[in-house]
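# Coordinates in review
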Amino acid sequence: MTPTPSTQAPTGSVKAVTPAADFTHRLTEVAGTVETFLVERLGPAVGAGEIARPPRLMEAMRHAVLGGGKRLRPFLAIETARMLGGSEAAALAAGAGVELVHCYSLVHDDLPAMDDDDMRRGKPTVHKAYDEATAILVGDALQTLAFEIVADPTWQPDARIRADLVLGLARASGLGGMVGGQILDLTAEGRFGAANMDVDDTLRMQAMKTGAILAFSVEAGAIVGGADKDQQAALLRYGLALGQAFQIADDILDREASPEAMGKATGKDKDAGKATLVDRLGIDGARAECDRLVGVCEDAVSSWGEGARVLRDAARFTVARKT
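What this report covers is the structure whose coordinates are included nearby. (Residues numbered from 1 in each chain as written. Predicted model: local features only at pLDDT ≥ 70, side-chain atom pairs only at ≥ 80, totals over all residues. Heavy atoms only, no water.)

So, about the overall build of the chain. Looking only at helices and strands, one finds 14 helices and two strands in the chain. With 323 residues in all, the chain has 52% of them scored as buried. The long-range fraction of contacts in the chain, counting pairs at least 24 apart against all pairs at least 6 apart in sequence, stands at 75%. A total of about 13,800 Å² of accessible surface is found on the chain, and carbon and sulfur atoms cover 56% of it. (Helix = DSSP H or I, 4+ residues; strand = E, 2+ residues; numbered from the N terminus. Buried < 20%, exposed > 50% of the residue type's maximum accessible area, 1.4 Å probe, protein only. Contact = heavy atoms within 4.5 Å. Areas by Shrake-Rupley, 256 points an atom, 1.4 Å probe, with all protein chains shown as cover.)

Put into structure tokens, the structure is as follows:
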């Protein structure tokens, strides 16, 4: 995919992937395109409707967003839209919006009042590189910028599609999704009194905290691609299973991977008493559940045949990744 210029939205559909393309190469290629788009959005030039862009805030926002991460969430939006023949510009913008929400959540999650982490993606967290007040404002600014991009007609001229994307992103990231899941996660630590979360409680928390945004990444691509109700239902099933598999794989990595490989501290979830399926099912049971969820993903997109190859590869990558 060719990087989108900041001054003009491209036309046509997302470029197809050749059968011989390697998944890792494709993921890296899309990550580069997303990075270029985000660099342009986080530049110093004052945008329409803005009075000024405070340099310290912009510098800290770039620290939080640029130069790290697999960009899996925009990748899912872009590849789902590609499979359905959707607009390149709209898929890229929608995916970038999801990525900015994800980055904002990491900035706030790292704060001392939350998970209190010093490192993220191999570099100091925003509150360590700057200060807590700046980190809070960075998260606030990234969240609002995400919605500004998704709602901008430059990338998607159809107002109905823009409205659906904004509504979906708000629901996935808000009280019934990511933010609600975060407070359930804190509850499981015993922050607000004794807590005893069983498997179902843990699954619900993880589906909200992590799964909702990942599932919406797929849904965003479906909206951009004009999926019908049956296609949307199938892709939602894929997205929900993928989100659950991603979180379980993350919990396994927290137990087994080194801080150097992860670019952040590991082993903290167990020390903090966080609720994970690794605790409930054991490592072997958690791996078996990951494998089952990959099967759900593959079955959900089976009707697209070879066209869904990248999405099937994404599900396998999610559970096999080492970082």
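Throughout the structure, instances matching the rule amount to three aromatic pairs. Note on Phe23 and Phe75: the rings are 5.4 Å apart at their centroids and 85° apart in plane angle, and the pair reads as edge-to-face. With Phe23 in helix 1 (residues 23–41) and Phe75 in helix 3 (residues 72–84), this pair connects stretches of sequence that are 52 residues apart. On the basis of relative accessibility, which here comes to 12%, the residue Phe23 falls in the buried class. When the ring of Phe37 is compared with that of Trp155, the centres are 5.1 Å apart and the planes differ by 65°; the resulting orientation is edge-to-face. With Phe37 in helix 1 and Trp155 in the loop between helix 6 (132–151) and helix 7 (159–173), this residue pair connects regions lying 118 residues apart in the sequence. Look at Trp155 and you get buried, because its relative accessible area is 5%. Each residue in the set Phe23, Phe75 and Phe317 is aromatic and connected to the rest through ring pairs, giving one cluster. Its end group placed over the ring of Phe246, Arg73 keeps NZ or CZ at 5.3 Å from the ring centre. Lying across the ring of Phe246, Arg321 places its NZ or CZ 3.9 Å from the centre. (Phe/Tyr/Trp six-rings, centres within 6.5 Å; stacked < 30°, edge-to-face > 60°. Lys NZ or Arg CZ within 6 Å of the ring centre and 35° of its normal.)

Attention shifts here to the pattern of salt bridges. A full pass over the atoms with the stated rule returns 24 salt bridges. For the salt bridge of Glu189 with Arg191, the shortest nitrogen-to-oxygen distance reads 3.1 Å. Of the charged contacts, one joins Glu256 and Arg287 as a salt bridge, the two residues approaching to 2.7 Å between their closest N and O atoms. Here Glu256, found in helix 10 (residues 229–256), pairs with Arg287, found in helix 13 (residues 277–300); they are 31 residues apart in sequence, far enough to count as distant. Using a relative accessible area of 35% as the deciding quantity, one classes Arg287 as partly exposed. When salt bridges that share partners are traced, they join Glu298, Glu306, Arg309, Asp313 and Arg316 into one network. (Salt bridge = Lys/Arg side-chain N within 4 Å of Asp/Glu carboxyl O.)

On to unusual backbone geometry, then. Most peptide bonds are trans, and most residues other than glycine sit at a negative phi. One non-glycine residue, Asp116, adopts positive backbone phi at about 55°. Although it is not a glycine, Arg121 sits at a positive phi angle of roughly 55°. Along the chain, Arg121 turns up in the loop between strand 1 (119–120) and strand 2 (123–124). Overall, Arg121 belongs to the partly exposed group, its relative accessible area being 25%.

Let's shift gears to the side chain of Glu289. With respect to the helices, strands and loops of the structure, Glu289 is situated in helix 13. Non-local contacts of Glu289, meaning those with residues more than four positions away in its chain, are made with Ile248 and Leu281.

Next up on the list: helix 1. In a regular helix each residue adds 1.5 Å, so 19 residues correspond to 27 Å; helix 1 covers 27 Å between its end C-alpha atoms and thus fits that length. Restricting attention to buried positions, one finds in helix 1 the residues Phe23, Arg26, Leu27, Val30, Ala31, Thr33, Val34, Phe37, Leu38 and Arg41. Relative to the axis of helix 1, the buried residues are bounded by an arc of 165° and lie together on one face. Every exposed residue of helix 1 that faces more than 90 degrees away from the buried side is listed here: His25 and Thr28. Check the buried side of helix 1 and you find it contacts helix 2 (55–65), helix 3, helix 4 (88–109), helix 6 and helix 14 (309–320). For helix 1, the side-chain oxygen to backbone nitrogen distance between the N-cap and Thr24 is 3.1 Å, and the N-cap itself is Asp22. (Expected span 1.5 Å × (residues − 1). Arc of directions from axis to C-beta. Polar contact = N/O pair within 3.5 Å; in protein donor to acceptor, adjacent residues only side chain to side chain.)

Take the packing of helix 9 (residues 199–224) against helix 10 next. Helix 10 packs onto helix 9 with a crossing angle of 135° between their chain directions and a minimal axis gap of 7 Å. In terms of orientation, helix 9 lies oblique with respect to helix 10. At the point where helix 9 passes helix 10, the crossing takes the right-handed sense. In this structure, helix 9 contributes Leu203, Gln206, Ala207, Thr210, Gly211, Leu214, Ala215, Val218 and Ala222 to the contact, and helix 10 contributes Leu235, Tyr238, Gly239, Leu240, Gly243, Gln244, Phe246, Gln247, Ile248 and Asp251. (Axes fitted to C-alpha atoms, helices over the stretch in contact; angles between N-to-C directions. Parallel < 35°, antiparallel > 145°, perpendicular 65-115°, else oblique. Left-handed = near helix turned anticlockwise from the far one by under 90°.)

If you check helix 10, its first and last C-alpha atoms are 40 Å apart, about what 28 residues at 1.5 Å a residue would give, namely 40 Å. Between a side-chain oxygen at the N-terminus of helix 10 and the backbone nitrogen of Asp230 the separation is 3.2 Å; the capping residue is Asp228.

Once that is clear, we can look at the nonpolar core. Among soluble globular proteins, nonpolar side chains are generally buried collectively. In terms of nonpolar packing, the biggest core is built from 86 residues, with Val65, Leu76, Leu142, Leu165, Leu235 and Tyr238 touching the most fellow members. Here the element with the most residues in this core is helix 4; it accounts for twelve residues. Here Tyr238 is in contact with Leu76, Val218, Cys297, Ala300, Val301, Leu311, Ala314 and Ala315, once residues within four sequence places are set aside. (Core = buried A, V, L, I, M, F, W, Y, C linked by side-chain atoms within 4.5 Å.)

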